[in-house]
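Results of the structural survey
Each chain is listed here by its residues.
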Amino acid sequence: MNPIPLNAKAPHTGSKSRSKFTRHRQKLLFALLFCTSIFLPIPSIAANDEDKLRAVDHTIVDSDKFEAGDPPIVDSDKFGTVEHPVSDTDKFGAVEYPVIDYGIGEKAERIKRGEYLVKVGDCIACHTAPGGKPFAGGLAIEIAPFGTIFSQNITADKETGIGKWTDDQFVTAMREGIDPEGHYYYAAFPYPYFNKLSRKDVLDIKAYLEAIPAVHAPNKPLEFHFPFNIRLLQSFWRFMFFDGYRGEFKSNEKQSPEWNRGAYLVDGLGHCSMCHTPMNPIGGPIRKYAFTGGFVEGYSAPNISASALKDVPVEKIVNVFLKDELIRGGKVQGPMLQVNHDSLRYLEISDLEAIAIYLKSIESELPPPPATGKGDKAGKVIYLKYCAGCHDQGGGGAPKFGDVSAWAPLIKMGQEQMYNNAIRGIRGMPPKGNCASCTDEQVHQAVDYIVNRSKPASGEEVGVTAPVESPTSLAKGKRVYDNVCFVCHTGGELGAPKLGDKAAWEPLIEGNNIDVLVERAIHGYKGHPPKGACNTCTSADIIAAVKYMAEEGSNGNYSLW
């Protein structure tokens, strides 16, 4: 998701010769214009939509904490050559990178390095329209309630692209958000992050973009609503959220090279916090809550600060990028799946590890939970602020609010199990729905609110009456696995055999038979706790789960066992 940009494209008014007094006076004028404009008629923002907009910047580590030094780099001969195999992300429909002739010598190395950097920045995702040519722009980016912006053509076409741009003009566009004509770009273009890049990296990116096939594709005009199409408002946004934070990245000598490399990638080209940091209603990042989560296109962008990742192994974080494996089990979905496909799968393992190391170090204040009161009213407040982003539209596979048929099987699991799932997170749902500062009681209130409005009315039947399900059916086993066993068996934690790994499961089944496996699962065995540490599971639940895992991990048929 892109930040809500109020720094719209407008004539650049900066002047080094302008007096300090005049500069402050103009900034005050822009502030007054902005404050006046917010009382004009504009599309309203519903309570549950407000939080969908909160997804911008990360608190770039304060520049005064850094000492002089060049940004960390990776050997250039590795650039453009790395591609790690991933599960099924190619089915996501993302665009493939164009095949180009690198040539030889120093120019070829620059192009390869630029290609790697472009992949770090995932530039192809926004600058390629569905069915369009790579990097030719035209992607419609709807930013409610402001309107629609279209990405620009960044191929080397001389009429519609960047073919005539000088090096200085390209650097200014990337790092300052100002085009060759002196107009401001929207912050949907992540110049507040690219401002951290070295000039060398920016020019290597330009070398790559000049090497890909040029495409003649005229840029589409902005479609923003009044008053957000008033160009003067952009200066106010820049003054508030960019001017005081600009500056090329400087290494922190108190930190390791890996940490510095991770900071350079995350806070610069990676612009990860555009989705993972809350922002205010006018698109300004709430820096004290850096990386504590947001909502993107109906999906949760989880908390990835130290409060969530400090105790997570680096390898497990890297697997999110390379294998689409969520930390709590399940598969990556939505926009992050495209990020993995377009960007992260191409990165060196050392860079992915550096990213993980840096994220694990970010200490941010958790957003306070809203004042909720008690009971149903409290549940509604929590729901609107933290749950509606996914459950209003059914994003990321979340059961849609009020959908009786979708919630019926979950409600049958029992309220306690639903509380547990909501608190600890399950598959694509982050713990506590991204409200890390919410108490367990507040989560319970939100669950109660959802359930009370998503269950059938008294006497109402849900769909067609289904046959009575066996308490040890494979379908029941899958549900138990998804709610309990996935914690260890998805990623092989503590030596547990992974689901579907026949090489690991078949020797266990053949050597012990399923009766022994069931007995050990129920009563505990070595490192496996009784009933998988599930206090609410019955023995039948565990039998069903073992049958399901045996069915998935072998060529046998255990449906009738």
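Up top is the structure these notes are about.
Every chain's residues receive numbers from 1 upward, in the order its sequence appears when written. In keeping with the predicted nature of the model, local features appear solely for residues at pLDDT of at least 70, side-chain atom pairs appear and are counted solely at 80 or more, and the whole-chain, interface and lining totals rest on all residues. The side-chain quantities take in all heavy atoms of the structure and omit both hydrogens and water.

**Some points on the state of the cysteines**
Here, a disulfide means two cysteine sulfur atoms that sit within 2.5 Å of each other. This model, assessed by the stated rule, comprises 0 disulfides. Cys 123 takes part in no disulfide bond, and the closest cysteine sulfur to it belongs to Cys 126, at a distance of 8.8 Å. Note on Cys 275: no disulfide assigned, nearest cysteine sulfur contributed by Cys 272 at a separation of 9.0 Å.

**Some thoughts on the packing of aromatic side chains**
Any pair of Phe, Tyr and Trp rings, taking the six-membered ring for Trp, is counted once the centres come within 6.5 Å. Such a pair is stacked with planes under 30 degrees apart, edge-to-face with planes over 60 apart, and tilted for the rest. Under the defined criterion, the tally for this structure stands at 15 aromatic pairs. Relative to Phe 401, the ring of Tyr 383 has its centre 4.7 Å away and its plane inclined at 35°; by these criteria the two rings are tilted. In this pair, Tyr 383 sits in helix H15 (residues 375-391) while Phe 401 sits in the loop between H15 and helix H16 (404-412), placing the two residues 18 residues apart along the sequence. Residue exposure (1.4 Å probe, protein chains only): buried if accessible area is under 20% of the type maximum, exposed if over 50%, otherwise partly exposed. Here Tyr 383 falls in the buried class, since its relative accessible area comes to 2%. Secondary structure follows DSSP: runs of H or I at least 4 residues long count as helices, runs of E at least 2 residues long count as strands, and numbering of each begins at the N terminus.

**Observations concerning the pairing of strand E2 (residues 147-150)**
If DSSP finds at least two bridges between two strands, the strands pair. Alignment of strand E1 (residues 140-143) against E2, held across 4 bridges, turns out to be antiparallel. The partner of Ile 141 across the bridge, within E2, is Ile 149. Hairpin remark: E1 followed by E2, antiparallel, with 3 residues in the connecting loop.

**Things to note about unusual backbone geometry**
For His 271, which is not glycine, the phi dihedral falls at a positive 35°. Note that His 271 resides in the loop between helix H9 (257-269) and helix H10 (273-276). Of the residues examined, His 271 reaches a relative accessible area of 17% and is grouped as buried.

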